[in-house]
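These are the residues of each chain, in order.
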Amino acid sequence: MTAVVSVQSPSSKKTTKKQGRRRSNSLQPHVVEYLKKWLMCEEHINHPYPTEEEKKVMVADTGIDMKRLNNWFVNNRIRYWKPR
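Source: prediction; values computed, not measured.

Participant: Tell me about the pattern of salt bridges, and name the residues and values.
Facilitator: For the coordinates displayed, the defined rule picks out 2 salt bridges. Between lysine 55 and glutamate 52 there is a salt bridge; the shortest N-O distance is 3.3 Å. Separated by 3 residues within a single helix, lysine 55 and glutamate 52 lie in helix α2 (residues 52-62), roughly one turn from each other. Here glutamate 52 falls in the partly exposed class, since its relative accessible area comes to 48%. A salt bridge links glutamate 53 to lysine 56; the shortest N-O distance between them is 3.7 Å. Here the residue glutamate 53 and the residue lysine 56 both occupy positions in helix α2, the gap between them amounting to 3 residues, near one helical turn.

Participant: Summarise α2; cite the residues concerned and give the values.
Facilitator: Buried within α2 are the following residues: Lys55, Met58 and Thr62. Here the buried residues of α2 occupy an arc of 60° about the axis, which is enough to place them on one side. With respect to the buried face of α2, the exposed residues turned more than 90 degrees away are Glu53 and Ala60. A positive phi of about 85° marks glycine 63, the residue just after α2.

Participant: Kindly report on the packing of aromatic side chains, identifying the contributing residues and their values.
Facilitator: Going through the model one piece at a time under the given rule, you end up with 3 aromatic pairs. Here tyrosine 49 and tryptophan 81 contribute two aromatic rings whose centre-to-centre distance is 6.0 Å and whose plane-to-plane angle is 90°, an arrangement assigned as edge-to-face. With tyrosine 49 in the loop between α1 (29-40) and α2 and tryptophan 81 in the segment after α3 (66-80), the pair connects residues that are 32 residues apart, well separated along the chain. Of the residues examined, tryptophan 81 reaches a relative accessible area of 15% and is grouped as buried. Through successive ring pairs, a cluster of aromatic residues spans Trp38, Trp72 and Phe73.

Cut-offs and rules
Residues numbered from 1 in each chain as written. Predicted model: local features only at pLDDT ≥ 70, side-chain atom pairs only at ≥ 80, totals over all residues. Heavy atoms only, no water. Salt bridge = Lys/Arg side-chain N within 4 Å of Asp/Glu carboxyl O. Helix = DSSP H or I, 4+ residues; strand = E, 2+ residues; numbered from the N terminus. Buried < 20%, exposed > 50% of the residue type's maximum accessible area, 1.4 Å probe, protein only. Arc of directions from axis to C-beta. Phe/Tyr/Trp six-rings, centres within 6.5 Å; stacked < 30°, edge-to-face > 60°.

What follows is the structure in structure tokens.
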């Protein structure tokens with residue numbers, strides 16, 4: 001009886017922890033443009049907190065999920081919005 005052993009070099013192994021579904025960390029440029037346009041428009045600049053209905057429309061328009069949308073607004077209010 002003969003055993004067959006497969007040997008891989010360390011450089012040929014994949015180093016990713018997750019296999020399968022992978023998502024880019026950044027949003028697509030047209031989605032960012034859409035969201036920044038909402039955030040910076042004259043109507044919302046003083047109170048950049050979308051209502052639940054507005055969020056549902058944004059999710060439908062952009063194709064991102066609600067959690068990513070909420071995180072985007074939290075991060076971008078911190079980065080770009082200054083209360084008056």
